[in-house]
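Residues per chain are reported as follows:
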Amino acid sequence: MRLLRSDRGGTRPAPAPLALKLLVAGGFGAGKTTLVGAVSEIRPLRTEELLTEAGRPVDDTSGVEGKRTTTVAMDFGRITLRDDLVLYLFGTPGQDRFWFLWDELARGALGAVVLADTRRLQDCFAAVDYFERRGIPFTLAVNCFDGAARYPEEDVRDALDLDPAVPVILCDAREKESVKGVLVSVVENAIAAGAARQRSA
């Protein structure tokens with residue numbers, strides 16, 4: 001337990017850090033599990049299963065032919081951004097047949113990352129629509145896969161018809177510092193959105 005020196009010369013327990021819940025969403029194969037694993041300070045919880053021949057008719061692997069596993073419930077990780085701020089990350093499954101889990105995972109979330117793959121940009125439309133309809137602030141993070149075409153952030157914004165207030169960031173879901181930048185953006189965007197709602201109330 002961390003102790004703080006009080007004005008009276010003694011010590012007192014440090015206040016518990018603020019814990020915030022963030023979602024990591026996006027299309028099938030966009031790199032959600034990789035993102036959570038890259039940044040988590042604990043061993044991430046994963047619910048991955050092998051892709052099978054039986055699933056081929058419903059799991060479109062075009063563009064991600066090397067993918068061998070898929071998340072069937074959620075990924076979970078934790079990162080301490082500061083002594084007084086801890087983020088809990090919940091990665092959502094990408095396929096339509098698991099969307100019934102999203103409402104439960106979204107409960108109490110401060111904000112979200114929508115992870116996009118430019119090879120299959122249309123796959124993140126559902127996540128963008130989900131968070132827009134529920135008023136959950138999100139950052140659109142473009143995962144820059146090796147060999148994939150790179151586009152300016154504004155081109156991605158236009159292609160997805162995003163609100164100007166939605167941050168768009170290029171990232172590498174394998175790199176911890178890159179992912180931390182995305183998470184900081186989510187928190188800052190959520191705080192700004194909350195302040196805007198208070199001003200208009």
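Since the structure is predicted, the reported quantities are computational estimates derived from the model, not experimental observations.

Novice: In this structure, what is going on with the environment of E41? I would like to understand it.
Specialist: Relative to the elements of secondary structure, E41 occurs in the loop between α1 (32-39) and β4 (48-50). Spatially, the C-alpha atoms of E41 and R78 are 5.9 Å apart, while their sequence positions differ by 37 residues. For E41, the contacting residues outside a window of four places in its chain are R78, I79 and T80.

Novice: I'm lost on the sheet that holds strand β10 (residues 168-171) in this one. Help?
Specialist: The pairing of strands in a sheet comes from backbone hydrogen bonds and takes either a parallel or an antiparallel form. The mixed open sheet is built from 6 strands, whose spatial order is β6-β7-β3-β8-β9-β10. The two strands at the open ends of the sheet, each matched to only one other strand, are β6 (75-82) and β10. Neighbouring strand axes in the sheet, compared pairwise and without regard to direction, differ in orientation by 25 degrees on average. Sheet analysis places strand β9 (residues 138-143) next to β10, joined by 4 bridges and oriented parallel. Within β10, the residue paired with N143 across the bridge is C171. Most of the contacts of α1 go to β6, to which it runs at about 40 degrees, and overall it touches β3 (18-26), β6, β7 (85-91) and β8 (111-116). In the packing of helix α4 (residues 153-160) onto the sheet, contacts are made with β9 and β10, and the angle to β10 comes to roughly 120 degrees.

Novice: Teacher, can you tell me more about the confidence of the model for the chain here?
Specialist: Low pLDDT marks stretches whose predicted atomic positions should not be read closely. When the pLDDT values of the chain are averaged, the result is 83; 77% of them are 70 or greater. The secondary structure element of the chain with the lowest average pLDDT is β4, at 52, and the one with the highest is β9, at 97. When the criterion is pLDDT under 50, residues 51-57 qualifies, and its contacts beyond four places in sequence or with other chains add up to 8 contacts.

Reading the values: the criteria
Throughout, a residue's number is its position along its own chain's written sequence, starting from 1. For a predicted model such as this one, the threshold for reporting local features is a pLDDT of at least 70, and the threshold for listing and counting side-chain atom pairs is 80 or more; totals across whole chains, interfaces and linings nevertheless cover every residue. Where side-chain values are given, they derive from all heavy atoms of the structure, hydrogens and water being excluded. Here a strand is any run of E in DSSP of at least two residues, a helix any run of H or I of at least four, and the numbering for each starts at the N terminus. Any two residues having at least one pair of non-hydrogen atoms within 4.5 Å are treated as being in contact. Paired strands, in this sense, are two strands between which DSSP finds at least two bridges. Convention adopted: a line fitted to C-alpha atoms gives each axis, helices being fitted over their contacting stretch, and angles between N-to-C directions are expressed from 0 to 180 degrees. A residue's pLDDT is simply how confident the predictor is in it, with values from 0 to 100.

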